[in-house]
Each structure stands twice: as structure tokens, then as C-alpha cells.
Amino acid sequence: MANEGLVFTNEKCIGCNKCISVCSCEGACVSHEVDGKNRIDVDGDRCVACGACFDVCEHGAREFRDDTERFFEDLKKGEKISVLLAPAFKANYPKEYEKVLGGLKAMGVNRIISVSFGADITTWAYLNYVTKNKFYGGISQPCPAVVGYIERYIPELIPKLFPVQSPMMCTAIYAKKEMGITDKLAFISPCIAKKMEIDDPVNGGYISYNVTFDHLMKYVREHKIYGTMCKDEIE
């Protein structure tokens, strides 16, 4: 049995090997026999949570872990939590966007801060670093699947990574250091792999939860978490 990671296989797997055909990480998809049937499991030590296997699987055999349930449990307990919101959330759910944010506010979420602001900080830092250091041909760091792949499989490219945090982390650092927010931070995220970035010890525990769009909206719709319409802060 492979070590468990963010991505895992459920009982719907028929062992068709399509996930193996698209996996960029050698050995991350592990084919073996279970009760006389072929099954493909995921080795969490090798998987970078890029999501390619979700796109190719026709059987709904892949699932993923995030912090959505823990986020809602902590809200119910009265934990002080503010949210960092990926701007794609509005594009993905234009009709529900403001009602969902209102529902989160009603549950106790304090601030809702747009990560588009962090993207501005990241862009400024890239331009600043390029100008000062003549650093051409660098690799940007917003995607933890790309960074994780380089770190694990092509470490010779690590010096090519920009020494600049992602928009998510720039927003979190700004929220804590400049805005003085002391709440726990949750990132409402389109990305499975952001959990790896959030949990990386080098990122100092700035963010406590990766709340993915899919799991958030499933929870919201099941529990009818809607409220007075509101928007995120910092346009």
C-alpha cells in the first residue's frame, strides 16, 4: 500500500491505468492487485497533487483531502478566522459568490481579503528582483505543484525559482504584518496542492486551512450556508 497523501483512490477504481499514462511523477501511481482486481493507488511521497489524474479518470476514482471540514468545525467552536479569497471564486460561482461570503460572515468569519492584492505584491517583487539582479528566464512560484515537482525531481532548477512568495503567501504576510490581523487564516482555493505550500515549515504557519472550491461549495449547498450578500476586501 502506497503512503497516503493529498490525492487518493476510492472504491470506484477499475485499474484502467489512464492515470498512470498522464502522471508526471514516476512511481506516484502504483498498480497492484486487490481481491483479484487491478487497482491504482497514489504514493503520497511522490505525488505533487497536480490534478492530471482527475482530468483523465472516467470513473470518479480519485478524491483529495483538504481542510474544509476542520475549517467549519473550528468556526462552530468560535475560533477567530479570517479568509483569503482566490479571485477565481467569483468567476467560478458568479451567482452564489456574494451569498456564500455572507453565509461565512454569518458563521463568524471576520475579514475576507482578496488574494488579487497579493498578486500585485508578487508582481512588484518579481519586477524589482529582475531589475536589481538581471534575473532573466526565472520560474515563477505561484503553483505548488510546479515547485514541488522541481524540488523532488529536477532540483538543479531550484536556483531558477524566483525567491518571491506566491500571491497567497504575500496576502497572508501582508494581512498579518501590515493589517495586524491576528486571526487564523483560511485560503479559499481552487487548488489541491496549495495544502502542501500551506503546510511547508518554511512558510511559518501563516495560513491554517486550505479550503478548496469543490469541497467548500459541496458543504455550503448541503448545509445551506448563505447569508446577506457581501464582497471581499481590497479591490
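Peer 1: Sorry, what's going on with the nonpolar core here?
Peer 2: The nonpolar side chains of soluble globular proteins are, as a tendency, buried together. Ranked by internal contacts, the top residues of the largest apolar core, which has 38 residues, are Phe71, Phe89, Ile188 and Ile207. Mapped onto this core, the elements with two or more residues apiece are helix 3 (68-77), strand 5 (81-85), helix 5 (97-107), strand 6 (112-114), helix 8 (167-177), strand 7 (184-189), strand 8 (209-212) and helix 10 (213-223). Core analysis: the second largest hydrophobic core is formed by 19 residues, Cys13, Cys47, Cys53 and Ala193 among them.

Peer 1: Would you mind going over the packing of aromatic side chains with me for this structure?
Peer 2: For the coordinates displayed, the defined rule picks out 14 aromatic pairs. Aromatic pair Tyr129 and Phe135: ring centres 5.2 Å apart, planes at 75°, arrangement edge-to-face. These aromatic residues form a ring-pair network of at least three members: Phe71, Phe72, Tyr209 and Tyr219.

Peer 1: Would you mind going over the pattern of salt bridges with me for this structure?
Peer 2: Opposite charge on two side chains permits them to pair, given that their charged atoms come into close proximity. Across all of its chains, the model carries eleven salt bridges by this definition. For Lys77, the salt bridge is made with Asp74, and the minimal N-O distance between the two is 3.9 Å. In this pair, Lys77 and Asp74 are both assigned in helix 3, three residues apart and thus about one turn of the helix distant. Taking the shortest distance from any N to any O, the salt bridge between Lys194 and Glu197 comes out at 2.7 Å. Of this pair, Lys194 and Glu197 both sit in helix 9 (residues 194-199), three residues apart, which is roughly one turn of that helix. Across the pair, exposure class does not vary: Lys194 and Glu197 are buried alike. Residues joined by salt bridges that share partners form a network here, namely Asp67, Arg70, Lys195 and Asp199.

Cut-offs and rules
- Residues numbered from 1 in each chain as written.
- Predicted model: local features only at pLDDT ≥ 70, side-chain atom pairs only at ≥ 80, totals over all residues.
- Heavy atoms only, no water.
- Core = buried A, V, L, I, M, F, W, Y, C linked by side-chain atoms within 4.5 Å.
- Buried < 20%, exposed > 50% of the residue type's maximum accessible area, 1.4 Å probe, protein only.
- Helix = DSSP H or I, 4+ residues; strand = E, 2+ residues; numbered from the N terminus.
- Phe/Tyr/Trp six-rings, centres within 6.5 Å; stacked < 30°, edge-to-face > 60°.
- Salt bridge = Lys/Arg side-chain N within 4 Å of Asp/Glu carboxyl O.

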